[in-house]
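Given next are the chains, with one letter for each unit.
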Amino acid sequence: MARQSSPSQKGRTGKQKHSASRKAQRAPRDRQALPRGRFAKTLYILSALFIWALVIMVPVVIYFALDLPDVSKIAQKPGRATIMVMDRQGERLASYGNVYGEWLEYDEVPIPYIQALIATEDRRFFSHVGLDLRGVARALVRNIQRGDVVEGGSTITQQLAKNLFLSPERTVKRKVQEMMLSFWLEMNFSKQEILTLYINRVYYGGGAYGLDAAARTIFGHDGRNLTLTEAAMLVGMLKGPALYSPLRDVERAYRRTEEVLDNMVEAGFIQPATAAAAKEANVTLAEQVVSNNVRYFTDWVVEQLPDLIGPVEEPIVVYTTLVSEIQAMATGALQQVMDRDGPVLKAEQAALVSMDMDGAIRAMVGGRDYAESQFNRVTQARRQPGSAFKLFVYLAALERGFGPETVLRDSPVSLGGWEPKNYSGTYRGEVTLAEAFEQSINTVAVKLAEKVNRRTVAAMARRLGLSSPLVEEPSLALGTSEVSLLELTAAYAVVGNGGYEVNPYGIVEIQNSTGQILYRHMPGPPRRLLSEEVAATMQQMLSRVVENGTARAARLGFPVAGKTGTTQDYKDALFVGYAKNMINGIWVGNDQATPTAGVTGGGTPARIWKNFMIRVSLGRNDATLTTPDVRPRNKPSPDGPPPDKSEL
């Protein structure tokens, strides 16, 4: 018989079930309450932080906005400003006039140019509001991946704001003002108006501002009728007019043009076949009327003006360090020796830079003929210095306690399968460091670099002013990293002046037409980079190179110190030497890095150096001044290189 519950039991059971049911319903709500509480708390904290950020940022923005430039004249079309470049004695070297060409409205600008500009400079121009966060992030990632600044994140609007209103200084204040002005431009002008302003104001180098002026300067016709190749070439120049102008370096300009065309394909503006055809197309360059080789120097000076005083919008006078008489002597010496040696040794180009021991440029010859090539091989070319780089190896060793009489063994060495050879093809056994430097023995230099650590050698080079990238591989000691002749010569000047920092410069002062000083070179207190003892020891070692070593062709009747350098397959030959309180760097080779017929640092470069110094010491620039005739390179003897030869 089934057991029946009493009414009271049923009631209790029902209550319990009802209570359990309510708990079951309440439980999920309780479990959800905790996350909602955390979310509310997080939201509160973020809101508070946002409010405090606004409280802090508003005064900062107001502070930076107090001295924003006057934007009321933005719509005015620019006028012409002349630049007069003077030598050290105040005589005129060259005159430049900013060329603006015709103002092109948006509808007059060729479509390929606009497409190339957007694809290369600011692909999201028509969608952002002046600042492209996605572009900044992309540039940051690529720069980190490459370990260098290979891409910028500035939009076209930001570039316009900087070019129109701001100085080129890299400060937080200028960057904030640039962003503020970019937002102002976006709010007050349409995208087409911003592009129109940018296209008519952007700088193309050589005094040319705006698309029409650039087209007339580069191609000899107006900016309304550009081919696809011409449009891509002009946009490619925006990355660096001094580097990518076809008037300076045609091959480099074409390589950059190909990059722009690839950008247009990637952005969907043109088809790959169209880009391929444009890459094969030739462009006709405008004929350039030039004076003489002093333009290598004056062009270099004028290119620096925007960084020193911003856009040139009024007539100015630039006083420089160049000495016209010495410039003429440098040009005469280089031409005379190259006219004789060049055809024999199949070396087509040469460059020379002369400076005071504080870095003031006395003369600069960037190539044999400015009319044929405006590419400056003193400042723009990056070439291997060869054994001239050994200066930094031995300086690092001297600081580590090695001395000229320290003995190392000249013998075969192998590092990761790489086996450097001496020029002579022989080994001398135990030699002092002074002898090894004097005769430029490769094996000893490599062993010495390994002993003091390659990183220490590279750090020494950077300390003395080399800014070009240095690859810290075993061959670093033999000068396989590319540098400019200007920075290498300045580094040697540090030794020549007793160990003090040298920063090459060419501008002494800039004035406007009323005499107001816009810029003046104001060096700070001398900064010692090498101890007096180390500098003096290295000076003695450099003197021995000229007296008894690889640079005997540079000997004169007064003290001379210097070092030769020759690269593999005789592609580059250098001599950097100093005497009479001036230092000169000479490079000889071919622009395409093709081998010469045996040119060495102790040969043609040393002879140019000597010819130049004879002219300077006599105060004459006669064409009859001579240096020893060039002789074909002989095969090394077992006992070492013949007297007037250099090393690899």
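See the structure printed just above.
Nothing here was measured: the structure is a model prediction, and the numbers come from that model.

K.L.:
Requested: an account of the pattern of salt bridges, with residues and values cited.
P.N.:
Pairing of side chains with opposite charge becomes possible as their charged atoms draw close. Counting across every chain of the model gives 27 salt bridges. D572 is the partner of R383 in a salt bridge, and the nearest nitrogen-oxygen pair spans 3.0 Å. A residue pair is termed long-range when its members are at least 10 positions apart, and R383 in the loop between β5 (361-365) and α14 (390-399) and D572 in strand β11 (residues 572-579) qualify at 189 residues. Considered together, R383 and D572 belong to a single accessibility category, that of buried residues. Because the salt bridges share partners, they merge into one network encompassing E102, E108, D212, R216 and R224.

K.L.:
Lay out helix α10 (residues 250-266) in plain terms, naming residues and giving numbers.
P.N.:
Since the α-helix advances by 3.6 residues per turn, residues separated by three or four positions end up pointing in the same direction. Compared with the 24 Å implied by 1.5 Å per residue over 17 residues, the 25 Å span of α10 between its first and last C-alpha is a close match. Those residues of α10 that fall on the buried side of the exposure criterion are R252, A253, Y254, R256, T257, V260, L261, N263 and M264. As for α10, its buried residues are in contact with α2 (111-121), α8 (228-237), α9 (241-244) and α11 (272-280). Put simply, D249 is the residue that caps the front of α10, since its side-chain oxygen is 3.3 Å from the backbone nitrogen of E251. Count one or two residues on from α10 and you reach G268, which has phi positive near 85°.

K.L.:
How would you explain the sheet that holds strand β1 (residues 82-86) if you had to name every residue and give the values?
P.N.:
A sheet is described by the order of its strands in space; here five strands give the open sequence β2-β1-β3-β8-β9, paired in mixed fashion. At either margin of the open sheet sits one strand with a lone partner, and together these are β2 (92-97) and β9 (517-520). The average undirected angle you get between the axes of adjacent strands in this sheet is 15°. Across four bridges, the pairing between β1 and strand β3 (residues 316-320) is parallel.

Reading the values: rules and limits
Every chain is numbered independently, its residues counted from 1 as its sequence is written. In keeping with the model being predicted, local features are shown solely for residues with a pLDDT of at least 70 and side-chain atom pairs are shown and tallied solely at 80 or more, while totals for entire chains, interfaces and linings include all residues. Hydrogens are left out, water is left out, and the side-chain values use all remaining heavy atoms of the structure. What counts as a salt bridge is simple: a side-chain nitrogen of Lys or Arg found within 4 Å of a carboxyl oxygen of Asp or Glu. Only DSSP runs of H or I covering at least 4 residues are called helices, and only runs of E covering at least 2 are called strands; the numbering of each starts at the N terminus. Relative accessibility decides the category of a residue: with a 1.4 Å probe and only protein chains considered, values under 20% of the type maximum give buried, values over 50% give exposed, and everything between is partly exposed. Helix span is expected to be 1.5 Å times the residue number reduced by one. What makes two residues a contact is simply this: any of their non-hydrogen atoms within 4.5 Å. Counted as a polar contact is a pair of N or O atoms within 3.5 Å, where, for protein atoms, one must be capable of donating a hydrogen and the other of accepting one, and residues adjacent in sequence contribute only when both atoms are in side chains. Pairing between strands is defined by DSSP: at least two bridges between the two strands are required. Convention adopted: a line fitted to C-alpha atoms gives each axis, helices being fitted over their contacting stretch, and angles between N-to-C directions are expressed from 0 to 180 degrees.

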